[in-house]
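Next come the chains, spelled out residue by residue.
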Amino acid sequence: MNKTIAVIEGDDAAPEAVRPVVALLDSLQLGLTWVYPEVGEAGEAKSGSTFPDSARAVIDAADTTLFGSTSGKSGAALGYLRWGKETFANLRPCRYLPGCASPLRNPEGIDFVIVRENLEDLYVGAEGPLTDLAALNLFGRTIRKPVHELGDGRYAIKAITREGTERVVSFAFDLAAKRDSKRKLTCATKHNMLRGTDGLFLSVAREIAADYPDIAFESFIVDDFACRMIREPERFDVVVMPNQYGDILSDAAGGLLGSLGLAASGCFGADYAYFEPAHGTAPDIAGRNVINPTATILSATMMLDYLGLETAAARIEGALARVYADGSALTPDQGGAATTTEFCAALARAL
Ligand code: IPM
Ligand code: MG
């Protein structure tokens, strides 16, 4: 089987995690071909654009993309991978690896996945001055004067569509059925305040729940969910939520495991998926060869699953679990003293 993977190494410390992971996967001889679209600074230097058409063509021709993290110049490529490719479901697993530096007393049993709606909500990016809204003479449910008379300020649009919600909730239910573990889907929304938008998200989720009678469905107000996620994370299996809550709570979920360095992520659309760690580019540790590559490794194993290479993915995850259980080659975020290179060497030995 020959599969082509577009690699975008990303900014700051991200390439220090991506490069050894690509080298490790390559050493397994899985029939993977790596191509490197020139985006960000490289694209700008060569063609004057941070996301030239040639880079887009490379992504389109590849089976998938492995993305480091962006702090700026590769942002246009990220925008294309999300909104251009309509990768509407962002999967962010949170699974305890014995040996990881979880701050919880009893982290055993943590194994849930956040499915974050990836394209809508406040991230449609429509913002502007409040005075723009004068013609609408818009009142909110709570305020006593029209929005444009509140004072000098700005608005942002939160857009939730029926179709966008249906597809992400169906995806989440299908995932819960496939995982076949707790067979439960939890929905987290702020429907008590945002009755129109989050209220729609929840009511669509309830409708779809009727099509999955053998998956238990529950719903929490998102602030209550945040507390439960920390107090009793082992209760959850698949959790679906609108974009912004998913963005925030998936980082919090990384914190349950002790570091964002463990937070993997994959974004799935109808006909494309791409994979990236959920953490940022860690500029504070750039150039020091200490970034934890675990999030990139777990994103890459999600990618192998997507490409139909489940056996290789399971093998790598097994080896990773042994590296954590052994504990002698962990990176500083996990309380260890190993460099990224040493961690990857230990993983290669465990393989
Ligand atoms: C993430 C990141 C991105 C997001 C940023 C880099 C645009 O925080 O993947 O969670 O907000 O989705
Ligand atoms: Mg984020």
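Every residue gets a number counted from 1 within its own chain, in the order that chain's sequence is written. Starting at A for chains and at 1 for ligands, labels are handed out in the order in which the entities are written. Per-residue local features of the predicted model are confined to residues with pLDDT of at least 70, and side-chain atom pairs are confined, for both listing and counting, to 80 or more; whole-chain, interface and lining totals are unaffected and use all residues. Remark: hydrogens and water are excluded; side-chain values derive from all non-hydrogen atoms of the structure.

Draft legend 1. Representation of the side chain of aspartate 11. Structurally, aspartate 11 can be placed in the loop between strand E1 (3-10) and helix H1 (14-27). Classification of residues uses two cut-offs on accessible area relative to the type maximum, computed with a 1.4 Å probe and protein chains only: under 20% is buried, over 50% is exposed, and between them is partly exposed. All tallies of charge rest on Lys and Arg as positive and Asp and Glu as negative; His and the ends of each chain are not included. Whenever a carboxyl oxygen of Asp or Glu lies within 4 Å of a side-chain nitrogen of Lys or Arg, that contact is scored as a salt bridge. No salt bridge is formed by the buried aspartate 11. Its closest oppositely charged neighbour is lysine 73, at 9.0 Å. If near-sequence neighbours (up to four positions away) are discounted, aspartate 11 is found in contact with Ser69, Thr70, Ser71, Gly72, Lys73, Ser74 and Thr281. Helix numbering and strand numbering both begin at the N terminus, where a helix is a DSSP run of H or I of at least 4 residues and a strand a DSSP run of E of at least 2. Here, two residues are considered to be in contact whenever any of their heavy atoms come within 4.5 Å of each other.

Draft legend 2. A look at the environment of threonine 4. Here threonine 4 lies in strand E1. Distance in space between the C-alpha atoms of threonine 4 and threonine 33 is 4.6 Å, their sequence separation being 29 residues. Aside from chain neighbours lying at most four places away, what touches threonine 4 is Thr33, Val35, Ala62, Asp63 and Thr64.

Draft legend 3. Representation of helix H6 (residues 197-209). Between its terminal C-alpha atoms H6 stretches 19 Å, which fits the 18 Å expected from 13 residues at 1.5 Å a residue. Every buried residue belonging to H6 is among Thr197, Asp198, Gly199, Phe201, Leu202, Val204, Ala205, Ile208 and Ala209, and all of these are buried. Multiplying 1.5 Å by the helix residue count minus one yields the expected span of that helix.

Draft legend 4. View of the site of ligand 1. Here a residue is near a molecule or strand as soon as one of its heavy atoms is found within 4 Å of it. Neighbouring ligand 1 are Arg82, Arg92, Arg116, Tyr123 and Asp247. In protein, a polar contact means a hydrogen-donor-capable atom and an acceptor-capable atom, both N or O and within 3.5 Å, with residues adjacent in sequence counting only if both atoms are side-chain atoms; elsewhere, any N or O pair within 3.5 Å suffices. Within the contact set of ligand 1, an oxygen atom lies 2.6 Å away from a side-chain nitrogen or oxygen of arginine 82. In this structure, an oxygen atom belonging to ligand 1 sits 2.9 Å away from a side-chain N or O atom of aspartate 247. The nonpolar class holds Ala, Val, Leu, Ile, Met, Phe, Trp, Tyr, Cys and Pro. Asp, Glu, Lys and Arg form the charged class, and all remaining residues, Gly among them, are polar. Here the shell around ligand 1 is composed, by residue class, of one nonpolar, no polar and four charged.

Draft legend 5. Representation of the pairing of strand E2 (residues 32-35) within the structure. Of the two faces of E2, the one holding Leu32 and Trp34 is buried and the one holding Thr33 and Val35 is not buried anywhere. For two strands to be treated as a pair, DSSP must find no fewer than two bridges joining them. Pairing between E1 and E2: four bridges, direction parallel. Across the sheet, the residue bridging to lysine 3 is leucine 32, located in E2. Orient the strands so they point away from the viewer; a crossover is then right-handed if the path from the first strand over the helix to the second runs clockwise. In the classification by handedness, the crossover that spans E1, the intervening H1 and the parallel E2 is right-handed.

Draft legend 6. How the structure looks around the pattern of salt bridges. All told, the structure shown has 22 salt bridges when counted by the stated rule. The residue glutamate 44 makes a salt bridge to lysine 73 at a minimum N-O spacing of 2.9 Å. Residue glutamate 44 is located in helix H2 (residues 40-47), and its partner lysine 73 is located in the loop between strand E3 (64-69) and helix H4 (75-84); the two are separated by 29 residues in the primary sequence. Glutamate 44 sits in the partly exposed class, given a relative accessible area of 33%.

Draft legend 7. Inspection of the packing of H1 against helix H9 (residues 294-306) at higher detail. With axes taken as lines fitted to C-alpha atoms, and helix axes fitted only over the stretch in contact, angles between N-to-C directions fall between 0 and 180 degrees. At their nearest, the axes of H1 and H9 sit 10 Å apart, and the two run at 45 degrees to each other. With respect to H9, the element H1 is oriented oblique. Classified by chirality, the crossing of H9 by H1 is right-handed. Every residue of H9 that contacts H1 at Ala17, Val18, Val21 and Leu25 is listed here: Thr296, Ile297, Ala300, Met303 and Leu304. Looking at side-chain class alone, the contact of H1 with H9 contains eight nonpolar, one polar and no charged residues. When an angle is under 35 degrees it counts as roughly parallel; over 145 it counts as roughly antiparallel; between 65 and 115 it counts as roughly perpendicular; any other value is oblique. Crossing handedness follows the turn of the near helix against the far one: under a right angle anticlockwise gives a left-handed crossing, and clockwise gives a right-handed one.

Draft legend 8. Structural detail: the pairing of strand E4 (residues 89-95). Taken across its seven residues, E4 has five buried, putting it largely inside the fold. Bridging between E4 and strand E5 (residues 111-117) involves seven bridges; their strand directions are antiparallel. In the sheet register, arginine 95 faces E5, and the bridge partner there is aspartate 111. The sheet contact formed by E4 and strand E11 (residues 266-268) spans three bridges and is antiparallel. Paired with alanine 89 across the strands is phenylalanine 268, a residue of E11.

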